[in-house]
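# Observations on the three-dimensional arrangement
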Amino acid sequence: MNPFLEFRSVNVLSGNHFRLKNIDLSIFKGEKVALIGRSGSGKSTLFSVANGTIPINKGEVIWKQQSISKLTQRKRVEIATLWQDLRLIDELNVSQNINTGALGRHSIVWAIANLLAIINSTKSEDCIKACYLPLDLRSSTINKLSGGQKQRVALARLLMQEADLMLLDEPFSNLDPSLIYKILKLLISKNSFKSISIPSTSIISLHRPDLLKYFTRVIGIKEGQIIIDKKPQDIQRNELDNLYKNI
């Protein structure tokens with residue numbers, strides 16, 4: 001079986017510092033991957049390389065047997081990313097922000113209709129419900145929302161994208177404890193909304209070792225290098241301690 005996403009000896013440099021160093025990694029369809037490591041270890045850089053946001057200094061990144069650098073915009077839509085800073089548009093309301101997840105699959109006419117707030121689809125509403133947001137927030141502006149609500153709007157936007165791979169950078173950071181497990185179940189399990197197709201393949205960056213058991217694979221990064229690549233049940237406590245200890 002060919003990998004969905006493949007890193008081949010990837011290096012990313014910032015000055016004389018390696019943000020990623022000699023990364024060889026294959027992600028296969030259906031995998032639920034937890035990405036762990038200290039802040040600044042290279043997790044966000046790995047996401048930026050995976051979706052083609054930043055260039056690499058050496059190596060190659062392959063998406064479905066094609067170089068990431070040569071993908072058309074239509075193909076890039078197949079990779080959906082949730083960034084730590086969420087990247088919501090303050091000037092748009094909740095529904096409009098969620099609908100922007102579908103921009104890559106629609107015409108400029110559809111985009112203008114969204115700006116005019118005349119797009120209101122069943123799928124958009126289902127994405128709102130799936131992320132445990134009340135429907136009466138649809139017309140609310142982003143600056144009126146709490147941090148946890150903004151996080152879920154960004155997640156709903158990601159679901160609207162209908163991608164094949166999800167890259168989620170700390171998706172639980174602003175959520176109440178009661179919501180974390182609900183959102184985790186949504187992202188890695190089948191959902192009850194027929195209009196929403198959640199990708200079967202995901203890489204989720206997190207700082208919660210207690211959540212690792214829900215994933216099929218765990219990748220640990222330290223100083224830009226992969227030092228753990230195992231099933232969660234095979235990871236030893238000393239490996240996690242080494243991953244997070246100061247250099």
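The structure presented is a predicted model; accordingly, all values stated were derived computationally and were not measured.

### Quick notes on the overall build of the protein chain
Regarding its fold elements, the protein chain presents eight helices and 10 strands. Here the protein chain has a C-alpha radius of gyration of 18 Å; the compact-globule value for 247 residues is 18 Å, and the two agree. Along the first, second and third principal axes, the C-alpha set of the protein chain runs to 50 × 40 × 35 Å. Taking all 247 residues of the protein chain together, the buried fraction comes to 52%. Sequence-distant contacts in the protein chain: of pairs separated by 6 or more residues, those separated by 24 or more amount to 68%. Just so you have it, the protein chain exposes about 12100 Å², and 48% of that area is on carbon and sulfur atoms. When the 34 positive and 22 negative side-chain charges of the protein chain are each reduced to one mean point, those points stand 2 Å apart.

### Looking at the sheet that holds strand E7 (residues 165-169)
Pairing within the open sheet is mixed, and its six strands lie in the order E6-E7-E8-E3-E9-E10. This sheet does not close on itself; its edge strands, each paired only once, are strand E6 (79-82) and strand E10 (225-230). Taking the axes of each pair of neighbouring strands and ignoring which way they run, one obtains an average angle of 15° across the sheet. Both E6 and E7 contribute to a ladder of four bridges, which runs parallel. Pairing of Thr81 across the sheet is with Leu167, part of E7. Sheet strands touched by helix H1 (residues 43-50): strand E3 (32-36), E6, E7, strand E8 (201-205) and strand E9 (217-222). Its angle to E7, the strand with the most contacts, is close to 150°. Packed onto the sheet, helix H7 (residues 177-188) meets E3, E7 and E8 and runs at close to 150° relative to E8.

### Some points on the packing of helix H6 (residues 147-160) against H7
Interaxial distance between H6 and H7 falls to 13 Å at its minimum, and their mutual angle equals 10°. As judged from the angle between their axes, H6 and H7 are roughly parallel. Only Leu179, Ile183, Leu186 and Leu187 of H7 make contact with H6, whose side of the interface consists of Arg152, Leu155 and Leu159. For the contact of H6 with H7, the class distribution of residues is six nonpolar, no polar and one charged.

### Some details on the pairing of E10
When E9 meets E10, the two strands line up antiparallel, connected through five bridges. Looking at E10, one finds that Lys222 is bridged to Gln225. Following E9, the chain reverses through two residues before pairing antiparallel with E10; Glu223 in that reversal takes a positive phi of roughly 50°.

### Considerations on H7
Its 12 residues place the ends of H7 17 Å apart at the C-alpha level, agreeing with the 16 Å of an ideal helix rising 1.5 Å per residue. Taken together, the buried positions of H7 are Leu179, Ile180, Ile183, Leu184, Leu186, Leu187 and Ile188. In a view along the axis of H7, the buried residues occupy a sector of 165°, so they form one face of it. Summarising the geometry of H7, the exposed residues directed more than 90 degrees from the buried face are Ser178 and Lys185. Summarising the contacts, the buried residues of H7 are in contact with E3, helix H5 (122-130), H6, E7 and E8.

### Some details on the packing of aromatic side chains
Tallied over the full model, the rule gives two aromatic pairs. We note Lys21 situated over the ring of Phe18; from NZ or CZ to the ring centre the distance is 5.1 Å. Over the ring of Trp83 we find Arg87; its NZ or CZ atom is 4.2 Å from the centre of that ring.

### What about the packing of H5 against H6?
Across the interface, H5 lies against H6 with an axial gap of 9 Å and an inter-helix angle of 135°. As far as their axial angle goes, H6 and H5 are oblique. The two elements H5 and H6 meet at a crossing, and its hand is right-handed. Counted together, Lys123, Ser124, Cys127, Ile128 and Ala130 of H5 and Ala156, Leu159 and Met160 of H6 form the full contact between these two elements. For the contact of H5 with H6, the residue count by class is six nonpolar, one polar and one charged.

### Description of H5
Burial within H5 is extensive, with seven of its nine residues counted as buried. Those residues of H5 not exposed but buried are Lys123, Ser124, Glu125, Asp126, Cys127, Ile128 and Ala130. In this fold, the buried residues of H5 make contact with helix H3 (94-99), H6 and H7. After H5 finishes, the residue Tyr132 shows a positive phi value of roughly 60°.

Criteria and cut-off values
- Residues numbered from 1 in each chain as written.
- Predicted model: local features only at pLDDT ≥ 70, side-chain atom pairs only at ≥ 80, totals over all residues.
- Heavy atoms only, no water.
- Helix = DSSP H or I, 4+ residues; strand = E, 2+ residues; numbered from the N terminus.
- Rg over C-alpha atoms; globule rule 2.2 N^0.38 Å.
- Buried < 20%, exposed > 50% of the residue type's maximum accessible area, 1.4 Å probe, protein only.
- Contact = heavy atoms within 4.5 Å.
- Areas by Shrake-Rupley, 256 points an atom, 1.4 Å probe, with all protein chains shown as cover.
- Lys, Arg positive; Asp, Glu negative; His and termini not counted.
- Charge placed at Lys NZ, Arg CZ, Asp CG, Glu CD.
- Pairing = 2+ DSSP bridges.
- Axes fitted to C-alpha atoms, helices over the stretch in contact; angles between N-to-C directions.
- Parallel < 35°, antiparallel > 145°, perpendicular 65-115°, else oblique.
- Nonpolar A, V, L, I, M, F, W, Y, C, P; charged D, E, K, R; others polar.
- Expected span 1.5 Å × (residues − 1).
- Arc of directions from axis to C-beta.
- Phe/Tyr/Trp six-rings, centres within 6.5 Å; stacked < 30°, edge-to-face > 60°.
- Lys NZ or Arg CZ within 6 Å of the ring centre and 35° of its normal.
- Left-handed = near helix turned anticlockwise from the far one by under 90°.

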